[in-house]
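As a plain string of letters, each chain reads:
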Amino acid sequence: MLDPNLLKENIDLLELSLTKRNLKIDISKLEELNEERKSIRFEAEQKRAEQKEIGKLIASASVDEKAKMLEKAASLSEEVKSLFDKVEEKDRRFFDEWIKLPNLISDSSPVGKTDEDNLEIKKVGNIKKIDNPKDHLQIAEKLGLIDVQKAADVSGSRFSYLFGDLVKIEFSLVSWALNKLSDKGFIPTVPPVLVREKALYGTGFFPDDAEQVYQIPNDDLYLVGTSEVPLAALKSDEILSLENLPIRYAGFSTCFRREAGTYGKDTSGIFRVHQFDKVEMFSFCDPEKSIEEHEFILSVEEEILQELEIPYRVVDVCSGDLGASASKKYDIEAWIPSQNTYREVTSCSNTTDYQARRLNIRSKKDGNTQIIHTLNGTAIAVGRILIALIENNQQEDGTVKFSESLSNILGIEKLS
RNA sequence: GGAGGGAUGGCCGAGCGGACGAAGGCGUUAGUCUUGAAAACUAAUGUAUGUAUUCCAUACCGUGGGUUCGAAUCCCACUCCCUCCGCCA
């Protein structure tokens with residue numbers, strides 16, 4: 001959520017940001033709603049003060065005065081009640097709209113409409129020359145490492161069975177990443193993957209992306225699409241001391257996504273599935289240092305891909321392609337030989353104070369509280385990393401062979 | 001799943017219809033004393049909103065509703081925690 005004071009203090013900034021995102025929103029309507037709710041609240045509070053005053057006098061009034069005062073107080077009580085009902089209604093009308101506004105876009109984010117306008121920052125790594133590259137599913141199915149057919153029977157489309165060495169690689173990757181992150185000050189975490197609605201609102205996934213989230217209606221719980229949700233909510237309603245920041249967590253969890261609206265996209269293999277495992281970085285940060293922290297998280301992602309010998313490029317996501325809570329976002333796209341292009345494997349966002357305001361996470365500075373900043377980034381999205389590893393290390397004979405240093409990380413030299 | 005107990009400020013804990021934003025203690029901060037430190041003493045010490053900006057008003061005692069002129073305090077529902085029984089990786 002944005003700071004409602006923007007309406008008073010920096011309406012131009014708000015308008016500029018919305019324009020960059022290609023959104024047309026009637027701000028004057030919002031201003032009006034905001035004014036209405038404020039003035040009615042003021043009126044209600046004045047009446048309430050009056051009511052309290054009389055209430056206090058009643059306690060010590062003489063018997064004959066009392067009856068009269070009680071009468072007056074009763075009618076005031078009615079008035080106050082109806083005024084506060086109005087306040088509630090006006091507040092709701094304003095905040096229902098206000099909460100829908102996406103985060104302010106960073107000055108440094110490129111302006112554009114779709115992912116085609118994303119700005120490539122750099123390309124890293126050597127792309128191996130592979131003649132007639134096979135895709136990861138062709139390779140892994142033949143080697144008995146992935147079964148999507150049977151998974152479709154059991155669970156539906158976009159699910160998979162992973163077998164054998166691929167599973168061993170997954171656990172090696174996760175363990176390796178958690179160790180690396182732990183060394184960099186991230187606290188390894190296994191968070192809950194079922195959360196209440198509140199956590200999803202707090203992180204900005206609700207109301208906008210509600211259709212992407214699996215529900216457990218019997219228990220009013222939701223399956224998270226990323227451990228970002230329980231990690232962010234971990235500090236909700238807390239005031240953190242500034243000298244302890246940044247506080248960093250590395251969360252491992254299974255992630256669940258409905259992938260509504262992606263029918264026909266990436267239907268082959270495990271690139272886009274309903275369930276995958278991921279190690280996620282999350283940082284609670286001093287607002288003055290979130291830009292550096294963002295670069296730091298990106299650098300960790302790059303380090304991981306470099307050590308995994310995956311060619312990649314870094315993309316600065318443009319304004320039109322940015323999620324609601326992000327002020328700035330970098331994606332890293334790995335080279336996928338079978339598609340002859342780069343595809344997203346990690347993403348890191350600076351959500352500035354957008355999530356923290358909803359989650360009410362603050363710190364103290366010079367005696368005043370301030371909303372802190374939160375950031376998140378993918379360390380290892382297991383499925384997609386497996387794809388990149390398989391495809392970039394495939395051999396002509398249909399096997400997969402890893403370099404010595406890569407084998408040391410994965411615990412496996414060859415898939416055959 | 002069954003039976004009982006509980007939730008109050010950074011922490012502990014009192015209050016159980018009006019003088020309560022809340023006693024007392026601990027902690028923290030500042031000061032006095034001291035070469036310095038400790039101890040002792042003194043003082044300060046929640047959050048948010050506002051047409052207030054060193055003053056004032058309003059809200060917040062798990063959450064939401066109700067009773068009442070007035071609720072931390074009474075009633076109802078929910079959430080969470082603890083103890084015992086049952087079941088269970």
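Definitions and cut-offs
Residues numbered from 1 in each chain as written. Chains lettered and ligands numbered in written order. Predicted model: local features only at pLDDT ≥ 70, side-chain atom pairs only at ≥ 80, totals over all residues. Heavy atoms only, no water. Helix = DSSP H or I, 4+ residues; strand = E, 2+ residues; numbered from the N terminus. Buried < 20%, exposed > 50% of the residue type's maximum accessible area, 1.4 Å probe, protein only. Contact = heavy atoms within 4.5 Å. Domains from an automatic or database assignment. Pairing = 2+ DSSP bridges. Lys, Arg positive; Asp, Glu negative; His and termini not counted. Salt bridge = Lys/Arg side-chain N within 4 Å of Asp/Glu carboxyl O. Polar contact = N/O pair within 3.5 Å; in protein donor to acceptor, adjacent residues only side chain to side chain. Axes fitted to C-alpha atoms, helices over the stretch in contact; angles between N-to-C directions. Near = heavy atom within 4 Å. Nonpolar A, V, L, I, M, F, W, Y, C, P; charged D, E, K, R; others polar. Core = buried A, V, L, I, M, F, W, Y, C linked by side-chain atoms within 4.5 Å.

**Q** Requested: an account of the side chain of Ser 290, with residues and values cited.
**A** Mapping Ser 290 onto the fold places it in helix α10 (residues 290-307). Exposure remark for Ser 290: the relative accessible area of 2% places this residue in the buried category. Residue contacts for Ser 290: discarding those within four places in its chain leaves Cys 285, Asn 350, His 373 and Leu 375.

**Q** Quick one: what's the story with the domain arrangement of chain A, residue by residue and with numbers?
**A** On domain assignment, one finds that chain A holds domain 1 (26-98) and domain 2 (115-415). For domain 1 versus domain 2, the distance between C-alpha centres works out to 49 Å.

**Q** Account for the pairing of strand β10 (residues 275-285), with residues named and values stated.
**A** Burial of β10 is extensive: 10 of the 11 residues sit out of reach of the surface. Sheet topology places strand β9 (residues 247-256) next to β10; 10 bridges connect them, and they run antiparallel. Bridged to Thr 254 within β10 is Asp 277. The pairing of β10 with strand β16 (residues 373-381) spans 8 bridges and is antiparallel. Bridge pairing in β16 places Phe 282 opposite Asn 376.

**Q** Requested: an account of the side chain of Glu 228, with residues and values cited.
**A** On the secondary structure map, Glu 228 appears in helix α9 (residues 228-233). Although Glu 228 lies buried, it forms no salt bridge, and the closest oppositely charged side chain, Lys 278, sits 6.3 Å away as judged by the N-O distance. A polar side-chain atom of Glu 228 sits 2.7 Å from a polar atom in the side chain of Gln 355. Residues within four places of Glu 228 in sequence aside, it is in contact with Thr 203, Phe 205, Glu 280, Phe 282, Gln 355 and Asn 376.

**Q** Hey, could you go over the sheet that holds strand β6 (residues 214-216) for me, with residue numbers and the actual values?
**A** With respect to topology, 3 strands assemble into an open sheet ordered β5-β7-β6, the strand pairing being antiparallel. This sheet does not close on itself; its edge strands, each paired only once, are β5 (194-195) and β6. As paired strands, β6 and strand β7 (residues 221-223) are joined by 3 bridges and run antiparallel to one another. Of the residues in β7, the one forming a bridge with Gln 215 is Tyr 222.

**Q** Could you give me a rundown of the sheet that holds β9, with the residues and numbers involved?
**A** Pairing between sheet strands relies on hydrogen bonds along the backbone, with the strands arranged either parallel or antiparallel. Spatial ordering of the open sheet is given by β1-β11-β12-β13-β16-β10-β9-β4, a layout of 8 strands whose pairing is mixed. Because the sheet does not close on itself, it has two edges, and the strands there are β1 (119-124) and β4 (186-189). Averaged over neighbouring strand pairs, the angle between their axes works out to 25 degrees when direction is ignored. Direction of pairing for strand β13 (residues 341-350) relative to β16: antiparallel, over a ladder of 3 bridges. What sits directly across from Ser 349, in β16, is Asn 376.

**Q** Summarise the pairing of β9; cite the residues concerned and give the values.
**A** Most of β9 is tucked away: 8 of the 10 residues are buried. Here β4 pairs with β9 via 4 bridges, running parallel. Counterpart to Phe 186 in the pairing with β9 is Arg 248.

**Q** Give a detailed account of helix α12 (residues 382-392), specifying residues and quantitative values.
**A** Most of α12 sits inside the fold, with 11 of its 11 residues counted as buried. Within α12 the residues assigned to the buried category are Val 382, Gly 383, Arg 384, Ile 385, Leu 386, Ile 387, Ala 388, Leu 389, Ile 390, Glu 391 and Asn 392.

**Q** Break down the protein's contact with RNA strand B for me, citing the residues and quoting the values.
**A** Residues in contact with RNA strand B amount to 20 residues; listed here are only the nearest, Arg 48, Gly 55, Arg 196, Lys 364 and Thr 369. Across the atoms of RNA strand B situated within 4 Å of the protein, the share located in sugar and phosphate is 67%. Contacts to RNA strand B include Arg 362, whose side-chain N or O atom sits 2.8 Å from a sugar or linking oxygen. Those elements giving two or more residues to the surface near RNA strand B turn out to be α3 (27-60), α4 (63-98) and β14 (362-365). The dominant element in the surface near RNA strand B, judged by the number of residues it contributes, is α3, at 11 residues. Of the residues that constitute the surface near RNA strand B, the class distribution is 8 nonpolar, 5 polar and 7 charged.

**Q** Tell me what's going on with the environment of Lys 414, and back it up with residues and numbers.
**A** If you trace the backbone, Lys 414 turns up in strand β18 (residues 414-415). For Lys 414, a relative accessible area of 38% translates into the label partly exposed. Between the C-alpha atom of Lys 414 and that of Leu 119, which follows or precedes it by 295 residues, the distance is 36 Å.

**Q** I'd like a rundown of the nonpolar core, residues and numbers included.
**A** Within the largest apolar cluster, 56 residues are counted, with the highest numbers of intra-cluster contacts made by Leu 173, Leu 308, Ile 380, Leu 389, Phe 402, Leu 410 and Leu 415. Counting residues per element, this core draws most heavily on helix α7 (residues 164-183), which supplies 8 residues. Leu 308 has contacts with Leu 173, Trp 176, Ile 380, Ile 385, Leu 389, Leu 406, Ile 409 and Leu 410, leaving out every residue within four places of it along the chain. Grouped together as the second largest cluster of nonpolar side chains are 15 residues, Met 1, Ile 27, Leu 33 and Ala 324 included.

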